[in-house]
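An overview of the molecular structure
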Amino acid sequence: MSLLAQMAETFELDEEIKREDGPPSSPSAETGDLKRPAKNSATDKNELRLVVTFFLMVFVGTARAVFQKLQTIPMYNYANTLNLQANLVYVAASFVYIIPVTKLKLFGEAIPQQVATMNKKQFATMGMLDCITCTLLTFAAVYLPGSLLILLPQAAIPISMILSKHIKGESYERYQYFGAAVVVVGILVVLEPLVTHRHENDMVCEAFDQEKYCMLCNEETTEDGCLSHISGSSGHSYADLIDGQQDQVCRWISPDSAESSGLSASTKTLICFATVLACFPMSLSSIYKEMSLGGAQNIDPIFLNGWVGLFQLLFSVPMSVPAGMASSPTIWPDELPSNIIDGVLCYFGLNSIDSGCHPDHCEGSPLFVNLFLVFNILFNILLIFMLKYG
């Protein structure tokens, strides 16, 4: 059975259970009149919670997006570490709540026994979808500018509308379709220069020795500036250069011939499309969570998020291998453990890479990474409450 068919069947089953558990077919008028105010009161409370959650999400989501980008500046070489660390911290924070609430039946038995022992298969499905989404978005945060990180994930709006219509039979007004179309047009306008390479430089400056002079040469934007660097003026011995270029540090070449670890326009375009594609598993996961929270069982939002995060962490470990091979510079499978360890050291402010195009500058890592982790936890909890009350 396909994932979409499974989700649709789950949704239909929950609706059927709700109808079977509904009120008697012929309640007395007096009983109905007594229940109506209570129902209206519950609806008002949910609407108030929804409004408060929305405004909190605006603030927390903005802070999360800002620090998601800021943390990648000192942690540029350690995208896999950032991804695994965010998952691990979120799971740990969730189970600090889940375990005592389940065992001690706290908060009015917020996590009933039947929920605690329920089949976790649907959580594994959500975890797999979230793993794909978060891996792609974490690597996008490393390599793309902040403006694209805000705009491209908005593709989730038209994508979620399409998926909700086919899975849940949702219907939308014309103005909602118009809003989704505006998002699509905005994304296409932003991507057009990258796809057409309209703003790409005709020539670039690249170092003969990437380990020693990459940053020095990459800063140059003119041919004269590029070719002005020689080993004597730089104060370095450069005897390994060949073809009569013993004293020249940089060369002025076309971007297609460059071997630098810097990202080309084509690579950035590919990452942009990968970011848009990440909206498909993101939207599927959100729909699946919404169906679970609105189903026959009253699932605690943090309980759901904690178990989904646990499966996401398990899927993220094997996912780190292809992710590392797709990173720049490439992290091969045998280099992955040492790269993750160096990433942990960078998190504590310790540099490990002191050469190449992107040497470590880990001084700001503790502040930026920890702030992102805090806002990430808050945002994911608020998102679940938005799905629950929305």
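Cut-offs used in this document
Residues numbered from 1 in each chain as written. Predicted model: local features only at pLDDT ≥ 70, side-chain atom pairs only at ≥ 80, totals over all residues. Heavy atoms only, no water. Helix = DSSP H or I, 4+ residues; strand = E, 2+ residues; numbered from the N terminus. Buried < 20%, exposed > 50% of the residue type's maximum accessible area, 1.4 Å probe, protein only. Areas by Shrake-Rupley, 256 points an atom, 1.4 Å probe, with all protein chains shown as cover. Disulfide = S-S within 2.5 Å. Axes fitted to C-alpha atoms, helices over the stretch in contact; angles between N-to-C directions. Parallel < 35°, antiparallel > 145°, perpendicular 65-115°, else oblique. Left-handed = near helix turned anticlockwise from the far one by under 90°. Core = buried A, V, L, I, M, F, W, Y, C linked by side-chain atoms within 4.5 Å. Contact = heavy atoms within 4.5 Å. Phe/Tyr/Trp six-rings, centres within 6.5 Å; stacked < 30°, edge-to-face > 60°. Lys NZ or Arg CZ within 6 Å of the ring centre and 35° of its normal.

Within the protein, the secondary structure is distributed over 17 helices and two strands. Within the protein, the fraction of its 390 residues that count as buried is 40%. Carbon together with sulfur atoms contributes 63% to the accessible area of the protein, which is approximately 21200 Å² in total.

Right, let's talk about the state of the cysteines for a bit. Counted by the stated rule, this structure contains three disulfides. Between the sulfur of Cys-217 and that of Cys-250 lies a disulfide, 1.9 Å long from S to S. Where Cys-217 bonds to Cys-250 through sulfur, the torsion about that S-S bond is close to -80°, and the disulfide is left-handed. Here Cys-250 lies in strand β2 (residues 250–253) and Cys-217 lies in helix α10 (residues 210–218), a separation of 33 residues in the sequence.

Before going further, it helps to spend a moment on the packing of helix α3 (residues 79–104) against helix α15 (residues 301–325). Remark: α3 packs on α15, axes separated minimally by 8 Å, with the N-to-C direction vectors making an angle of 160°. In this view, α3 runs roughly antiparallel relative to α15, as classed from their interaxial angle. Crossing of α3 over α15 shows left-handed handedness.

With that out of the way, let us pick up the nonpolar core. In terms of nonpolar packing, the biggest core is built from 29 residues, with Leu-144, Leu-152 and Cys-272 touching the most fellow members. Breaking this core down by element, the ones donating at least two residues are α6 (121–143), α7 (146–151), α8 (156–167), α9 (174–196), α13 (265–277) and α14 (279–293). In terms of residues, this core owes the most to one element, α6, which gives six residues. The contact partners of Leu-152, leaving out residues within four places of it in the chain, are Leu-144, Ile-187, Leu-191, Cys-272, Thr-275, Val-276 and Cys-279.

Quick look at the side chain of Ser-94 now. Mapping Ser-94 onto the fold places it in helix α3. Excluding anything up to four places from it in sequence, Ser-94 contacts Ile-302 and Gly-306.

Time to look at the packing of aromatic side chains. Counting across every chain of the model gives 10 aromatic pairs. Aromatic side chains Phe-59 and Phe-375 sit 6.4 Å apart centroid to centroid with 75° between the ring planes, which places their arrangement in the edge-to-face category. With a gap of 316 residues between them, Phe-59 in helix α2 (residues 29–72) and Phe-375 in helix α17 (residues 365–389) connect regions that are remote in the sequence. Ring geometry for Phe-67 versus Phe-375: centroids 5.9 Å apart, planes at 5°, classification stacked. Taken as a pair, Phe-67 in helix α2 and Phe-375 in helix α17 lie far apart in primary sequence, 308 residues in all. Judged by relative accessible area, which is 17%, Phe-67 ranks as buried. Cluster of aromatic residues (ring-pair linked, three or more members): Phe-59, Phe-67, Phe-368 and Phe-375. Sitting above the plane of the Trp-307 ring, Lys-120 keeps its charged end 4.9 Å from the centroid.

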